[in-house]
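# What the coordinates show
Here is what each chain is made of, one letter per residue.
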Amino acid sequence: MAKLEERITEKAKELGFAKVGIVPAVELDIERSRLEEWLARGFQGSMAWMERDPQKRTDPRKLFPQAKSVIVVAMNYFTPQDHEDAADKGKISRYAWGDDYHEVLRQRMGELLRWIRSELPDAEGKICVDTSPVMDKAWAVRAGLGWLGKHSNVINPEIGSWFFIGEILLNLDLGDDTEIVADHCGTCTACIDACPTGAIVEPYVVDSRRCISYATIELRDDTFPADLAENLNGWLYGCDICQDVCPWNRFEKPVRETAFEPRNGETSLDLDAVIRLDQDSFAERFRRSPIKRTKLSGLKRNARYLKINTGSNLSE
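Residues numbered from 1 in each chain as written. Predicted model: local features only at pLDDT ≥ 70, side-chain atom pairs only at ≥ 80, totals over all residues. Heavy atoms only, no water.

## Quick notes on helix 5 (residues 101-119)
For clarity, the threshold we go by: Helix numbers and strand numbers start at the N terminus; a helix is a DSSP run of H or I with at least 4 residues, a strand a run of E with at least 2. Here the expected length of a helix is defined as 1.5 Å per residue gap, with one fewer gap than residues. For each residue, the accessible area found with a 1.4 Å probe, counting protein chains only, is set against the maximum for its type, and the residue is called buried under 20%, exposed over 50%, and partly exposed in between. Should any heavy atoms of two residues lie within 4.5 Å, those residues are counted as being in contact.
The end-to-end C-alpha distance of helix 5, which contains 19 residues, comes to 27 Å, matching closely the 27 Å that a straight helix rising 1.5 Å per residue would cover. When helix 5 is considered as a whole, its buried residues turn out to be Tyr101, His102, Val104, Leu105, Arg108, Met109, Gly110, Leu112, Leu113, Trp115 and Ile116. Looking at the buried positions of helix 5, the neighbouring elements they touch are helix 1 (4-14), strand 2 (69-76), strand 4 (125-128) and strand 7 (163-170).

## Side note on the packing of aromatic side chains
To keep things clear, this is the line we draw: Under the pairing criterion, centres of Phe, Tyr and Trp rings, with the six-membered ring standing for Trp, must be within 6.5 Å; the plane angle then separates stacked pairs below 30 degrees from edge-to-face pairs above 60, leaving the rest tilted. Geometrically, a charge over a ring is one whose NZ (Lys) or CZ (Arg) sits within 6 Å of the ring centre while staying within 35 degrees of the ring normal.
The tally for this structure, following the rule as stated, stands at 11 aromatic pairs. Note on Trp147 and Trp248: the rings are 5.1 Å apart at their centroids and 80 degrees apart in plane angle, and the pair reads as edge-to-face. Of this pair, Trp147 sits in strand 5 (residues 147-148) while Trp248 sits in the loop between helix 10 (241-244) and strand 11 (268-270), placing them 101 residues apart in sequence. With a relative accessible area of 2%, Trp147 lands in the buried category. We classify Trp248 as buried; its relative accessible area is 19%. Their ring planes at 55 degrees and their centres at 5.3 Å tell us that Phe282 and Phe286 sit as a pair that is tilted. For the pair shown, Phe282 and Phe286 are each scored as buried. Through a chain of ring-to-ring contacts, the aromatic side chains of Tyr77, Phe78, Tyr95, Tyr101, Trp162, Phe164, Tyr237 and Phe260 assemble into a single cluster. Of note, Arg94 hangs over the ring of Trp162, and the distance from its end group to the ring centre comes to 5.0 Å.

## As for the sheet that holds strand 2
Think of a sheet as strands paired side by side through backbone hydrogen bonds, with each pair either parallel or antiparallel. For clarity, the cut-off: For two strands to be treated as a pair, DSSP must find at least two bridges joining them. Note on method: axes are straight lines fitted to C-alpha atoms, helices fitted across the in-contact stretch only, with angles between N-to-C directions ranging 0 to 180 degrees.
Spatially, 4 strands are ordered 1-2-7-4 in an open sheet, and the strand pairing comes out antiparallel. Two strands close off the open sheet at either side, each with one partner strand: strand 1 (19-24) and strand 4. Put simply, the sheet's adjacent strands are angled 20 degrees from each other on average, direction ignored. Of the pairings in the sheet, the one linking strand 1 to strand 2 comprises 6 bridges and is antiparallel in character. In the sheet register, Pro24 faces strand 2, and the bridge partner there is Ser69. Where helix 1 meets the sheet, it contacts strand 1 and strand 2, and its direction lies at approximately 145 degrees from that of strand 1. Packed onto the sheet, helix 5 meets strand 2, strand 4 and strand 7 and runs at close to 35 degrees relative to strand 7.

## A closer look at the nonpolar core
In a soluble, globular protein the nonpolar side chains are often hidden away together inside. This is how the line gets drawn: For this analysis, a nonpolar core means a set of buried residues of the types Ala, Val, Leu, Ile, Met, Phe, Trp, Tyr and Cys, connected via side-chain atoms within 4.5 Å.
The biggest cluster of nonpolar side chains holds 98 residues, and the ones touching the most others in it are Ile8, Phe17, Ile71, Leu105, Ile116 and Phe260. Of all the elements, helix 5 adds the most residues to this core, at 8 residues. Setting aside residues up to four positions removed in sequence, Phe17 forms contacts with Ala12, Val73, Ala74, Met75, Leu105, Arg108 and Met109. With 6 residues, the next largest nonpolar core counts Trp147, Ile155, Val181 and Cys185 among its residues.

## Overview of the packing of helix 1 against helix 5
How we decide: Crossing handedness is read from the near helix: turned anticlockwise from the far helix by less than a right angle, it gives a left-handed crossing, and turned clockwise, a right-handed one. Classes in brief: Ala, Val, Leu, Ile, Met, Phe, Trp, Tyr, Cys and Pro nonpolar; Asp, Glu, Lys and Arg charged; the others, Gly included, polar.
Close contact between helix 1 and helix 5 brings their axes to 10 Å; oriented N to C, the two are set at 145 degrees. Every pair of crossing elements has a handedness; the one defined by helix 1 and helix 5 is right-handed. Of the residues in helix 5, those in contact with Arg7, Ile8, Lys11 and Ala12 of helix 1 are Leu112, Trp115, Ile116 and Glu119. Among the residues forming the contact of helix 1 with helix 5, the class breakdown is 5 nonpolar, no polar and 3 charged.

## A word on helix 2 (residues 29-40)
The condition that has to hold: To obtain the arc, one takes the directions from the helix axis to the C-beta atoms.
For helix 2, which comprises 12 residues, the first-to-last C-alpha distance of 17 Å matches the rise-based estimate of 16 Å (1.5 Å per residue) to within 8%. Every buried residue of helix 2 is accounted for by Glu31, Arg32, Leu35, Trp38 and Leu39. With its buried residues spanning 125 degrees around the axis, helix 2 presents them on a single face. Across from the buried face of helix 2, at angles greater than 90 degrees, the exposed residues are Ile30, Arg34 and Ala40. Lining the buried residues of helix 2 we find helix 3 (54-58), helix 6 (136-142) and strand 9 (205-206). Looking at the residues trailing helix 2, positive phi occurs at Gly42, about 75 degrees.

This is the structure in structure tokens:
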């Protein structure tokens, strides 16, 4: 019979995960130093939650004391549709076209954990998908799923960077047979050069305060800084520019997962329709969608700024 690690990997791929890596649950010393430096520079902006529990964020055993191994999974979300670039519409980041990935990954990872328990009844684990204080990208690199690109997204040489990351912290010692993927960014600076707001302040370092994704999703202010407001480039929710220009995404592969197909066939939203939304219609329209993250007030703010940028009159 194949080793448990091999059977876990096979089962994970049956469940729709494109890549799987298993590594020991240890403290991320180097990554913690980088995180602390990034926070010291204020690059987290208003995301104060990133400053909390640095030990828990960099040591999975602080989050799940029984942890001995970390199963890291990647789920491809690329679908072949293009962004709709029209003056009266606002573009949506590709990851938010379909259903909320937190729910999709958590359900599949739950199936994987239940399968592991069926093989070993003493197995216990904790599922982490983005909202847990776990450094997803650092674990993906540690587990050999790819390398950290200069835009700070993880790149896999076979599928590019369009994938979600999740972890299962497990109380089983599964060893470590993964190989770190070498950095293949080389001298390329396509992502740095293409960012309209200069958010990639140096290779591998993003200043969230300059980032369009941060501004349109995480920033809760009623207004944008002027340099951001004038350079939204049509983005209503999130931004894909740095990934769109990455040469490694020529290896992107369409996913069969229908949950990530654009809802209602939309890759952008009508700005006037967004501005007319009330709370009930917003809640219904974006139920189980990542777009609910920005809240109605944030989405309306974004739409108003895009209309101002195109010289259009506001509809309310």
